Amino acid sequence: MLSQFSRRLSFTTSKGFLPHSHVAAFSSKVYQSASEATKDIPDGSTLCVGGFGLCGIPENLIASIQKHGPKDLICVSNNAGVDDFGLGLLLQTKQVKRMISSYVGENKNFERQFLTGELEVELTPQGTLAERLRAGGAGVPAFYTPTAYGTEVHKGGVPVLYNADKSVKEYSVAKESREFNGKHYIMETGITGDYAVVKAWKGDTDGNLIFRQTARNFNPDCARAGKICIAEVEELVEAGTLNPDEIHLPGVFVNRIIQGAGYEKRIEKRTVTKKSR
């Protein structure tokens, strides 16, 4: 009883925020920093990286991975960031060997590396990518989808890797197809990663996460698909503080969690309505 009472006292802080010295003592999932949480990611790892465009991306974790410098990474993410932000940081330092993505049009460095044979790219329809991650996290090895049937995604022939002279070195291969109830489908495989790096709005010391609005895209699926899930949050609170009905991702899927800081939250394309005269 005394230890439980002491624990409650240690979490008495303003606004529900937890000092790291207190949190780390009571939860093996809580890490002191992004650096500590990512330092053991080795070369050749597959990373499932959450976020949608520049929204909800794990800024602190990506910066830490860049600093530690693992090479030959396979990154699974909806997009590849921009030249100087998001996964674009790992492309700057040429730490990424292969990208599995659906939207890559905002990164000129990505384009240059791809067309000169420095980067392998597996383009995947956006909904299919989300389902491949969801399937991988659910233990489903493969599934059928009508998306992309009859296209080069189905038949093969999409460039995956170029030579330095911009000739194609490797094309995508054809995918199995079947007919169900008179409709054609292609088979897609589930995706799993060695690590998942995700960002949530709020989390607790047990790893339960709440995402906010658009940031919920891809983050929960990436988290489930990673063998080791590392999450950063804007606000870290004591276990039991969050309303169970509001939790989007149960803590059973999260292995490490940190309190993030210094978020830029860039806007990828700013559109402003002009005032009418």
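For the structure itself, consult the block above.
Residues numbered from 1 in each chain as written. Predicted model: local features only at pLDDT ≥ 70, side-chain atom pairs only at ≥ 80, totals over all residues. Heavy atoms only, no water.

Novice: Can you walk me through helix H7 (residues 126-138) in this structure?
Specialist: In an α-helix there are 3.6 residues to a turn, and that puts residues three or four apart on one side. Taking 1.5 Å of rise per residue, 13 residues should cover 18 Å, and H7 covers 19 Å from first to last C-alpha, within 8% of that figure. Taken residue by residue, H7 has Thr 128, Leu 129, Arg 132, Leu 133, Ala 135 and Gly 136 as its buried positions. Across the axial projection of H7, the buried residues extend over an arc of 160 degrees, all falling on one side. Positive backbone phi, approximately 80 degrees, marks Gly 139, located one or two places after H7. (Helix = DSSP H or I, 4+ residues; strand = E, 2+ residues; numbered from the N terminus. Expected span 1.5 Å × (residues − 1). Buried < 20%, exposed > 50% of the residue type's maximum accessible area, 1.4 Å probe, protein only. Arc of directions from axis to C-beta.)

Novice: What am I meant to see in the sheet that holds strand E8 (residues 177-180) here?
Specialist: The strands making up a sheet are joined through hydrogen bonds of the backbone, oriented either antiparallel or parallel. Taken together, three strands build an open sheet; the order of strands is E5-E9-E8 and the sheet is antiparallel. The sheet is open, and its two edges are formed by strand E5 (142-145) and E8, each paired on a single side. Across the sheet, the axes of successive neighbouring strands diverge by a mean angle of 40 degrees, strand direction being ignored. Sheet strands touched by H7: E5 and strand E9 (183-189). Its angle to E5, the strand with the most contacts, is close to 155 degrees. (Pairing = 2+ DSSP bridges. Axes fitted to C-alpha atoms, helices over the stretch in contact; angles between N-to-C directions. Contact = heavy atoms within 4.5 Å.)

Novice: What's the story with the nonpolar core in this structure? I'm lost.
Specialist: The tendency in soluble globular proteins is for nonpolar side chains to be buried as a group. The biggest cluster of nonpolar side chains holds 27 residues, and the ones touching the most others in it are Leu 47 and Met 99. Of all the elements in the fold, those that place two or more residues in this core are helix H3 (34-38), strand E1 (46-49), helix H4 (59-68), strand E2 (73-76), helix H5 (88-92), strand E3 (96-101), helix H6 (108-115) and strand E10 (193-204). Counting residues in each nonpolar core, the second largest holds 23 residues, with Leu 133, Leu 209, Phe 211 and Ala 223 among its members. (Core = buried A, V, L, I, M, F, W, Y, C linked by side-chain atoms within 4.5 Å.)

Novice: Is there a simple way to think about the packing of aromatic side chains in this case?
Specialist: Two numbers describe a pair of aromatic rings. These are the distance of the centres and the angle of the planes. For the structure shown, the criterion picks out five aromatic pairs. Ring centres 6.5 Å apart and planes at 15 degrees place the aromatic pair Phe 52 and Phe 218 in the stacked group. Placement of the pair is Phe 52 in the loop between E1 and H4 and Phe 218 in the loop between strand E11 (209-210) and helix H9 (219-225), with a sequence separation of 166 residues. Centre to centre, the rings of Tyr 144 and Phe 180 are 5.2 Å apart; their planes meet at 65 degrees, and the pair counts as edge-to-face. Residue Tyr 144 is found in strand E5, and its partner Phe 180 is found in strand E8; the two are separated by 36 residues along the sequence. Members of the aromatic cluster, joined through ring pairs, are Phe 110, Phe 114 and Tyr 162. Lying across the ring of Tyr 263, Lys 199 places its NZ or CZ 4.8 Å from the centre. The lysine or arginine in question, Arg 224, covers the ring of Phe 253, its NZ or CZ lying 5.2 Å from the ring centre. (Phe/Tyr/Trp six-rings, centres within 6.5 Å; stacked < 30°, edge-to-face > 60°. Lys NZ or Arg CZ within 6 Å of the ring centre and 35° of its normal.)

Novice: Sorry, what's going on with the pattern of salt bridges here?
Specialist: Once their charged atoms are close, side chains differing in charge can pair, the charge on each being opposite to the other. Considering all chains together, one arrives at nine salt bridges under this definition. Ionic pairing is found between Asp 40 and Arg 256, a salt bridge with its closest N-O pair at 2.8 Å. Of the two residues, Asp 40 is situated in the loop between H3 and E1 and Arg 256 in strand E13 (residues 256-259); the sequence distance between them amounts to 216 residues. Taking relative accessible area as the criterion, Arg 256 reaches 9% and is therefore assigned buried. For the salt bridge of Glu 118 with Lys 94, the shortest nitrogen-to-oxygen distance reads 3.2 Å. Remark: Lys 94 occurs in the loop between H5 and E3 and Glu 118 occurs in the loop between H6 and strand E4 (120-123); sequence separation between them is 24 residues. Since its relative accessible area comes to 47%, Lys 94 is described here as partly exposed. (Salt bridge = Lys/Arg side-chain N within 4 Å of Asp/Glu carboxyl O.)

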